[in-house]
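Listed below, chain by chain, are the residues.
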Amino acid sequence: MKPVNNIVIVGGGTSGWMCAAAIARMAPPHASITLVESEAIGVIGVGEATIPPLLEFNQFLGLDEHEVLRECHGTYKLGIEFVDWLDLGKRYFHPFGFYGRDTPEFAFHQLWLRLRELSETGKAPSELAGDINDYNLCAMAARLGRFAQPQGGSDAILSTLRHAYHFDSMRYGQLLRRYAEQRGVRRVEGLVESIQQDPNNGMIESVTLANSQVLAGELFIDCSGFKSLLIEGAMNSEFVDWNHYLPCDRALALSTTGTGAPDPFTRATADNAGWRWRIPLQTRMGNGYVYSSAFADEDDVHRALLAGADGEALGDPRPLRFRTGHRRLFWEKNCIAIGLAGGFIEPLESTSIHLTQIGIQRLINLWPGRGINTAEIAHYNRIMTADYERLRDFIVLHYSATQRRDTEFWRYVGNMELPDTLASKLEIFRGSGRVIAAPDDLFTPHSWLAVMLGQGINPTHYDALVDRVPETALIQNMRHLKEAIAKTAAVLPRHEDYLTRHCTANT
């Protein structure tokens, strides 16, 4: 096979420029990287919330966190508040940080489960076994509207903080474009009109633009979004549809003016046929409604979005249509689909940018510099499929574990058949409180725990090994931990003060 010296990325936006920046960061000096995009296509700009692994991507590129937030008008995110998901009037918080401190013998939440059982029999104070988020610094800081950078060293409590960002994804793409172009990436303006393939092996040889310009290469990366110009248009990779598990297939996105100090968390509010997001930036508020067209029409969703949004609208809501699922083959021959071209899982847990990131990371780990290797292609497709399936299960959990039956939509998701992998995980948790996670799981056992408990899934028992801890010691240690977390959260800087001090938005 031909060595890969010429890389062509079709499509820009966040995913395209993330690819270009990362490849430029690690590619050998002789490699040529060309990105083709068109300003005429525009950007939807839905994905403005992220999850903690993005910090690793920015660190890989050598980007300064404060500078990223200044450029992208960003705020900090400690987790997600879920409103009306378990039932109307109920809410819970999914923090990014860790609960207490796990030990080699057992997870921290097993101590809390035992404490809860002791409180039910009057052997422990009820206030110690109330909300498990009392033992999570991220949750407590978010509740108070506070934030600080996590610290290592002797401050064990502060080191449990994990955070992500809310930011303007268009500005993030522009920042990465500057980064990539400074490192030799060539941007070409234009629309792909045709794709040329080798008649003998089906490899893509070049793409021809509407202005007749021909771009040749040995590796082609499809970042064309839902259009999937290369992976579907040339490679005919089948789409694995998960609409039966995740029926939402539409969204309306709306920007509004800010309404005071930005919260250090995203809010997801369940509605009649889906859910509404609220993402606070420094200069505006991002709002949206993700819904199923089988259970609601756009006019009703439009009215609900405007009624529920904070601030004054900065324009008309922008519609988005999507399919939930993924390409059966993300990588076929010399074409790799990354981002929306490879698949999409609705943005309930802010994973859209992460799926781009993980696709890039796995490509770099298998970089075909000396030529395409079919065994490595097969491996890439296996691990990417597993990534999507584990994420699918986590998102399905939010819908399926609901007590709502007030609309046709909630009756459907509350009674739908679950993937076997999710059903097994829930059965184990219900029995002993154990959270089974794979090493490559995107979301930690702490995240699974937050959502399962928040959605009303309660274990029958706790891990019997916890009985080794004397009751008196358990109660005393849990009281000290709860008090220490509350005190630490209370002295953190206010979120808006931290932003003002370190990363006020550039105008």
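These figures come from a predicted structure and were not determined experimentally.

Parameters and conventions
Residues numbered from 1 in each chain as written. Predicted model: local features only at pLDDT ≥ 70, side-chain atom pairs only at ≥ 80, totals over all residues. Heavy atoms only, no water. Helix = DSSP H or I, 4+ residues; strand = E, 2+ residues; numbered from the N terminus. Contact = heavy atoms within 4.5 Å. Pairing = 2+ DSSP bridges. Axes fitted to C-alpha atoms, helices over the stretch in contact; angles between N-to-C directions. Salt bridge = Lys/Arg side-chain N within 4 Å of Asp/Glu carboxyl O. Buried < 20%, exposed > 50% of the residue type's maximum accessible area, 1.4 Å probe, protein only. Polar contact = N/O pair within 3.5 Å; in protein donor to acceptor, adjacent residues only side chain to side chain.

Quick notes on the environment of Phe-239
The topology assignment puts Phe-239 in strand 12 (residues 239-241). With 88 residues separating them in the primary sequence, Phe-239 and Arg-327 have C-alpha atoms 4.5 Å apart. The contact partners of Phe-239, leaving out residues within four places of it in the chain, are Arg-323, Thr-324, Gly-325, His-326 and Arg-327.

Here's the deal with the sheet that holds strand 8 (residues 192-197)
Where strands meet in a sheet, backbone hydrogen bonds hold them as pairs that are either parallel or antiparallel. One open sheet holds the three strands; their spatial order is 8-9-10, and the pairing between them is antiparallel. In this open sheet, the two edge strands, each paired with only one partner strand, are strand 8 and strand 10 (214-216). On average, each strand axis in the sheet is inclined to that of its neighbour by 20°, with strand direction left out of account. Taken together, the five bridges between strand 8 and strand 9 (residues 204-209) define a ladder with antiparallel strand orientation. What sits directly across from Ile-195, in strand 9, is Val-207.

Description of the pattern of salt bridges
If you walk through the whole model with that rule in mind, you get 29 salt bridges. A salt bridge links Arg-187 to Glu-189; the nearest nitrogen and oxygen atoms lie 2.7 Å apart. When its relative accessible area of 35% is taken as the criterion, Glu-189 is described as partly exposed. Two residues, Arg-276 and Asp-271, come together in a salt bridge whose shortest N-O distance is 2.7 Å. We note that Arg-276, like Asp-271, is buried. Each member of the salt-bridge network shares a partner with another, and the members are Glu-48, Asp-168, Arg-171 and Arg-284.

Here we look at the environment of Asp-168
Following the sequence through the fold, Asp-168 ends up in the loop between strand 6 (164-166) and helix 6 (169-182). By relative accessible area, which is 12% here, Asp-168 ends up buried. A sequence separation of 88 residues divides Asp-168 from Thr-256, and the C-alpha atoms of the two residues are 13 Å apart. Leaving out residues up to four positions away in the same chain, Asp-168 has contacts with Glu-48, Cys-72, Leu-281 and Arg-284. A distance of 2.9 Å separates a polar atom in the side chain of Asp-168 from the backbone nitrogen of Met-170. Separated by 3.4 Å, the side chains of Asp-168 and Arg-284 make a polar contact.

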